[in-house]
Amino acid sequence: MTLVGMLLQREQNRFHGELRLAASERKYRQLYENLIDIDFEVDTDGNIRMVSPSIQTIAGYQPDEVTGRRMTDFFHSPDDSLQLLSAILSHGHVENYQARLHRKDGEDIWVSINGGLILDEQGVARGVRGLARDISGIKRAEEEKARLEQSLLRSQKMEALCHLQFRRMYMN
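Cut-offs applied
- Residues numbered from 1 in each chain as written.
- Predicted model: local features only at pLDDT ≥ 70, side-chain atom pairs only at ≥ 80, totals over all residues.
- Heavy atoms only, no water.
- Salt bridge = Lys/Arg side-chain N within 4 Å of Asp/Glu carboxyl O.
- Helix = DSSP H or I, 4+ residues; strand = E, 2+ residues; numbered from the N terminus.
- Buried < 20%, exposed > 50% of the residue type's maximum accessible area, 1.4 Å probe, protein only.
- Core = buried A, V, L, I, M, F, W, Y, C linked by side-chain atoms within 4.5 Å.
- Pairing = 2+ DSSP bridges.
- Expected span 1.5 Å × (residues − 1).
- Arc of directions from axis to C-beta.
- Contact = heavy atoms within 4.5 Å.
- 1 Å grid on protein atoms, 1.4 Å probe; cavity = no way out; pocket = protein on both sides within 12 Å on 5 of 7 lines; lining within 4 Å.
- Points joined across faces, edges and corners; volume = space filled by probe spheres on them.
- Nonpolar A, V, L, I, M, F, W, Y, C, P; charged D, E, K, R; others polar.

Visitor: If you had to explain the pattern of salt bridges to someone new, which residues and values would you point to?
Guide: For the structure shown, the criterion picks out 11 salt bridges. Close ionic contact of Asp39 with Arg129 constitutes a salt bridge, the shortest N to O distance being 2.6 Å. Residue Asp39 is located in strand S1 (residues 38–43), and its partner Arg129 is located in strand S5 (residues 125–134); the two are separated by 90 residues in the primary sequence. On the accessibility criterion, Arg129 (37% relative accessible area) is partly exposed. Note that Arg126 and Asp120 form a salt bridge whose closest N and O atoms lie 2.8 Å from each other. Put simply, Asp39, Glu41, Arg49 and Arg129 are held in one network by salt bridges that share partners.

Visitor: Tell me about the nonpolar core, and please be specific about residues and values.
Guide: Core analysis: the largest hydrophobic core is formed by 26 residues, its most contacted members being Phe40, Val51, Ile55, Val66, Phe75, Leu84 and Ile113. Every element with two or more residues in this core is listed here: S1, strand S2 (48–51), helix H2 (54–59), helix H4 (78–91), strand S3 (93–102), strand S4 (108–119) and S5.

Visitor: Talk me through the pairing of S5; I want residue IDs and the actual numbers.
Guide: In the sheet, S1 pairs with S5 via six bridges, with the strands oriented antiparallel. Paired with Asp39 across the bridge in S5 is Leu131. The pairing of S4 with S5 spans nine bridges and is classified as antiparallel. Looking across to S5, one finds that Gly115 is bridged to Gly130.

Visitor: Give me the lowdown on H4, citing residues and values where you can.
Guide: The end-to-end C-alpha separation of H4 is 20 Å, in line with the 20 Å expected for 14 residues at 1.5 Å each. Taken residue by residue, H4 has Ser81, Leu84, Leu85, Ala87 and Ile88 as its buried positions. Seen along its axis, H4 keeps its buried residues to an arc of 160 degrees; they face one direction. Exposed side of H4, more than 90 degrees from the buried face: Ser90 and His91 are the residues found there. Taken together, the buried residues of H4 touch S1, S3, S4 and S5.

Visitor: Requested: an account of empty space enclosed by the protein, with residues and values cited.
Guide: Under the definition given, this model contains one cavity of 30 Å³ or more. Put simply, the largest cavity is a space of about 210 Å³. In terms of lining residues, the largest cavity is bounded by 18 residues, among which Phe40, Ile48, Ile55, Phe75 and Leu101 are the most central. At the level of secondary structure, the elements contributing two or more residues to the lining of the largest cavity comprise S1, S2, H2, S3 and S4. Examining the composition of the lining of the largest cavity, we find that three residues originate from one element, S1, more than from any other. Looking at the lining of the largest cavity, its residues break down into 17 nonpolar, one polar and no charged.

Written out as structure tokens, the structure reads:
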């Protein structure tokens, strides 16, 4: 193969590589932008460094309204955010950590958080990366179930009392 042929082949390979890279970037950007969960990154001081566009659907905020602010600004209880960060820094990760967050409209939502440490090349913690899933519907169902169980228990007690009263009236 001649030098010109080799250069053309090299340029053609580079061009096809760039096309594959662009297609891969589009694929993963689309995947990221269509996440149902909130993908987030927080530094070790609790400052939000990055949040996915799904924050808008779940909590009503644009990503730039959240980025740069403290995590505690969005938790119903600031202690929850500090406990979350502390647990991840201590254990390296958390699974299904449940907390309430404030939506932009003032309502609270329940989320389940899975996250882990971001380590630098020396193994030093530089932050936390995680996913938060809206579990508000599950929490409402659990509350309704508890309410119905309490109602059933009261009904059963009333039935037992009525039965006992009935027996007393007709057994004497």
